[in-house]
Amino acid sequence: MNSFIDLNLGLARPEIFLAIAALALLVIGVSLGDRHTRIVAWASVASLVVAIVLAITDSADGLAFHGLFVADDFARFAKVLSFGAAALAIIMSLDYAEREGMARFELPLLMLLASLGMALMISANDLISLYVGLELQSLALYVVAAIRRDTVKSTEAGLKYFVLGALSSGMLLYGSSLIYGFTGSTSFSVLAASLSGEASLGLIVGIAFLCAGLAFKVSAVPFHMWTPDVYEGAPTPITAFFAAAPKVAAITLFARVLVGPFGDLVAQWQQIIIFISVASMILGAVAAIGQKNIKRLMAYSSIGNVGYALVGLASGTQEGVSGLLIYMSIYVVMTIGAFAVILAMRRRGEAVEQISDLAGLSRTQPGLAAALAIFMFSMAGIPPFAGFFGKWFVFLAAIQAGLNVVAVIGVLASVVSAFYYIRIIKVMFFDEPAEAFDRVTPTLRLVLIGTVFVISFGFIAGAPFFDLSDSAASVLFAE
Amino acid sequence: MSGSMPILSLTTFLPLLGAALILILKGDAGAVARNARYIALWTSLITFAVSLVIWFQFDRSVVGFQFVEKMEWLPLLDINYHMGIDGISMTFVLLSTLLTPICILASWESIEKRVKEYMIAFLGLETMMVGTFCALDFVAFYIFFEAVLIPMYLIIGIWGGPRRVYSAVKFFLYTLTGSVLMLLAILAMYTIAGTTDIPTLMGYSFDPAIQNWLWLALFASFAVKVPMWPVHTWLPDAHVEAPTAGSVILAGVLLKMGAYGFLRFSIPMLPEASAYFTPLVYAMSVVAVIYTSLIALAQEDMKKLIAYSSVAHMGFVTAGIFSMTQQGLEGALFQMLSHGVVSGALFLCVGVIYDRLHTREIARYGGLVHRMPKYAVVFMIFTMASVGLPGTSGFIGEFLVMVGVFKDNTWVALLIATGVILGAAYMLWLYRRIIFGELVKEDLKTMLDLSLREKVIFAPLLLLVFWMGIYPISFTSIFGPTVTDFIQDYGPRMEAVAGDPAATTQ
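Residues numbered from 1 in each chain as written. Chains lettered and ligands numbered in written order. Predicted model: local features only at pLDDT ≥ 70, side-chain atom pairs only at ≥ 80, totals over all residues. Heavy atoms only, no water.

Visitor: I'm lost on the overall build of chain B in this one. Help?
Guide: Looking only at helices and strands, one finds 19 helices and two strands in chain B. When burial is assessed residue by residue, chain B has 66% of its 506 residues classed as buried. Contacts in chain B between residues far apart in sequence, at least 24 positions, make up 81% of those at least 6 positions apart. Surface accessibility of chain B: about 16,600 Å² in total, with carbon and sulfur atoms responsible for 68%. Each charge sign in chain B was given a centre, from 29 positive and 33 negative side chains, and these centres are 12 Å apart. (Helix = DSSP H or I, 4+ residues; strand = E, 2+ residues; numbered from the N terminus. Buried < 20%, exposed > 50% of the residue type's maximum accessible area, 1.4 Å probe, protein only. Contact = heavy atoms within 4.5 Å. Areas by Shrake-Rupley, 256 points an atom, 1.4 Å probe, with all protein chains shown as cover. Lys, Arg positive; Asp, Glu negative; His and termini not counted. Charge placed at Lys NZ, Arg CZ, Asp CG, Glu CD.)

Visitor: Teacher, can you tell me more about the interface of chain B and chain A here?
Guide: The extent of an interface is frequently quoted as the accessible surface area lost upon association of the parts. Each partner contributes residues to the interface: chain B has 36 residues there, and chain A has 35 residues. For the pair chain B and chain A, the two sides together bury roughly 3,300 Å², of which 83% comes from carbon and sulfur. It is Leu76, Arg114 and Leu187 of chain B that lose the most area in chain B upon contact with chain A, and together they represent 17% of the buried surface on that side. In this assembly, chain B and chain A are joined by zero salt bridges. Where chain B meets chain A, there are five residue pairs in polar contact (both at pLDDT 80 or more). For the side of chain B that touches chain A, the secondary-structure elements that each account for two or more residues are β1 (66–74), α5 (138–147), α6 (149–159) and α7 (164–193) of chain B. Counting residues per element, the side of chain B that touches chain A draws most heavily on α7 of chain B, at 17 residues. (Buried area = accessible area lost by both parts, 1.4 Å probe. Salt bridge = Lys/Arg side-chain N within 4 Å of Asp/Glu carboxyl O. Polar contact = N/O pair within 3.5 Å; in protein donor to acceptor, adjacent residues only side chain to side chain.)

Visitor: Honestly, the pattern of salt bridges in this entry has me stumped. Any pointers?
Guide: Think of it this way: side chains of opposite charge can pair up when their charged atoms draw near. All names here are of chain A. Counted under the stated rule, the structure contains 26 salt bridges over all chains. Residue Asp73 is joined to Arg76 by a salt bridge in which the shortest nitrogen-to-oxygen separation is 3.1 Å. With Asp73 and Arg76 both in helix α4 (residues 73–99) and three residues apart, this pair spans about one turn of that helix. Taking the relative accessible area as the measure of exposure, Asp73 reaches 34% and is therefore partly exposed. With its nearest N and O atoms 2.6 Å apart, the salt bridge here joins Glu232 to Arg296. One end of the pair, Glu232, is in helix α10 (residues 226–233); the other, Arg296, is in helix α13 (residues 294–315), with 64 residues separating them in the sequence. In this structure, Glu232 and Arg296 share a single accessibility class: buried. Beyond isolated ion pairs, a larger network of salt bridges with shared partners links Lys153, Glu156, Lys160, Asp229, Glu232 and Arg296.

Visitor: Help me understand the side chain of Arg37 of chain B in this model?
Guide: All names here are of chain B. You can see Arg37 is positioned in helix α2 (residues 29–57). One buried charged residue, Arg37, remains without a salt bridge, the closest side chain of opposite sign being Glu112 at 7.1 Å. At 3.1 Å, the side chain of Arg37 forms a polar contact with the backbone oxygen of Ile111. With residues up to four places along the chain from it excluded, the contact list for Arg37 reads Ile104, Trp108, Ile111, Val115 and Met119.

The structure is reproduced here in structure tokens:
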């Protein structure tokens, strides 16, 4: 009985609630059947909302499950963000799933389980719990990518994601085993206490493998190859989900692992992060130029955006991690918004996804065009939209850390990427109109209004949010 | 002195209110277009009226910032919403608020499609322009400065000519490239000095070793915006393709943002680096004046010709600024105002005949004086002002700049003076080809002279050209004391560097 109390289960209330909710909804879903998918979906959304509330209201910090799990401000910040993104993705998938005949109750459930995996990743305080959380998330995502098992593209996306994901998990495990072998522990707390400036070669190799595995999950160059294919192949709301929530979880995990246990080895891993960050920014900018499919374009855009966020991590400072959190939060809102527009790209009931389909949208559906234009300007980093502030914080951290060259490459890459962002605006505003899209569904409209509002006016009252991310980041640098 | 009314914020954000009103217009397309036009016109007129309060309440004897407003914005970073104007920025605020209603009137009939969006873009643009000149926080400045790209990109791209997409994208990317480098400079300054407050930074001494890098980063942005040779190539394209009103704003106000940047940031914050790079600026200014004047001589397109003349005139401005003499700086400021009015008016003159014949090719015109005498007079006056005829605004600016530059460097003054001669050549030749000669072309024989609306547009600009030319003290008294103080503050620091042989390239 004593050992049960030692587990400190109270700290993991959001996760425990999500696990129970997912299992209960599974039973309900099976007994109700596919016709009542909407109920299961809204219940999943409600569960995520409750999990958010639980995460916000619970301010106790500490370790649970004998040190495998940590609850702190950093974890809460990231959890709220990924739960929110997941909830929005489920809401956006509702209409789409029904229209495309993929309305199965498993879909929201799997997304719920993936969210649980994300929460565990975010709160991982041990290489083992890191891996368990990561796999729970990944396995759910593999299935979700292939949810339209009757189409070639979706199954291809799922399979590709699975094979490459398994490879990266292998690398991650190999790295973990090297770290364990050379230090004798898997616990972040123990590693943080025992490691200092000097590191053995084996440990460095272990960290490099760990970084490779995590870079795959955030789709950073050179482990990005799966992204465009999976983004294009997966059903659009699933792509929206992939682009937002798991990225937040993986990148915050990345930050926790590197800054926490290996914080004193910053000189060892900094070069790796600088490389993947710079490479992602450049590839994300250049490779997107030739894309004709808007989902592929968003894939390259997300690779580039992850590169920018990693600039914050590369600086290895509290300001940097705070910048990373701010960048990812803004990125999530922009991405959800942009995908809401992509989901609204339907003609006579058929989804279209070529950039040329957007031609003249400003005349047929001015609101939709204005919304996408705002997201594109924001992604290009044009003030006063929120995306500018994300870039401001990460590049400020880079300059404060003396990474001037990284900052210069980064801003120049952002100019290159601005080219394809404003090309989309050009297609919508300057070109002759194509046939109009179908009416935007009320749920999508709601998501759009919310995201446009945040992106356009967020800067007026951003101060409390920046304070929040700063205090969340300070947790990792507490000692 | 400014009372309790936040007059600068009011001037800045009033246009946005009008834009919001236009945004919610609904109903029949014709009615929406008409209402949008009227709302835009009234909003910009009211904004101008409000900005006149600045003109009258501005204390000309005071050096330093007036009408200051300060509000906490991002306390974590110590970034504030800080607005204020001094003698340098005050006139630009008025120039922006004056040109906007004129532009809206000029677009009254020529813009037929998507009037609602057009007016929203223009009012948004006005907010950004006024904000740029009022902002006293570097971040706020950057936001306004950069946000200008959004409406301007749309104005060129949607309502522009045949090659509008190419021009819009070129304009956007050129300016953005410069601006992001400026962003890095802001970040670096913030890292070093711990603030983005402009008055504080103006008094801060940066390490000379880092100054040169910061200066170059700022220069990248401002040189593109001015634009200085060789990064001016976006300007002719943008001007040619933009609708008339877009060209007016581009030439009248947006180009001034670059020169304003030199005066507000480069020289006060980085005086040592500014002294170090003065020869570079001189060289680029001289090339701009002579080279683009020669290019202007060869143009077949009216708008392109005036666009190149803008580059040449802005060459005067940059040379005047970096001469760091009382006359040079006052001349540069005066020239900017004069150029804002005159080149804006010249683009409007082109717009008048473009609206009638829908071509900008010089060869398609000729002999207009027979059909359009009033137009010929108006065009003549602005041509003379552009050439720098005494009695018009152009003369004062160019003359003061040359005096100022002569005091600092006689060779530069000599070379720049050739620009006046070349300017007379291309402008008078343009005028001759369009206005004089026999009226032989059939389609010109039915051209109508200026309408009432067009007369209303030109009247205030004509008034200003003569007012500035005949009684310039109304304007020089605004920036004179500030310029004197400016030279006292930063001149010695620049001279200290210029006197050191190791630090100059001469």
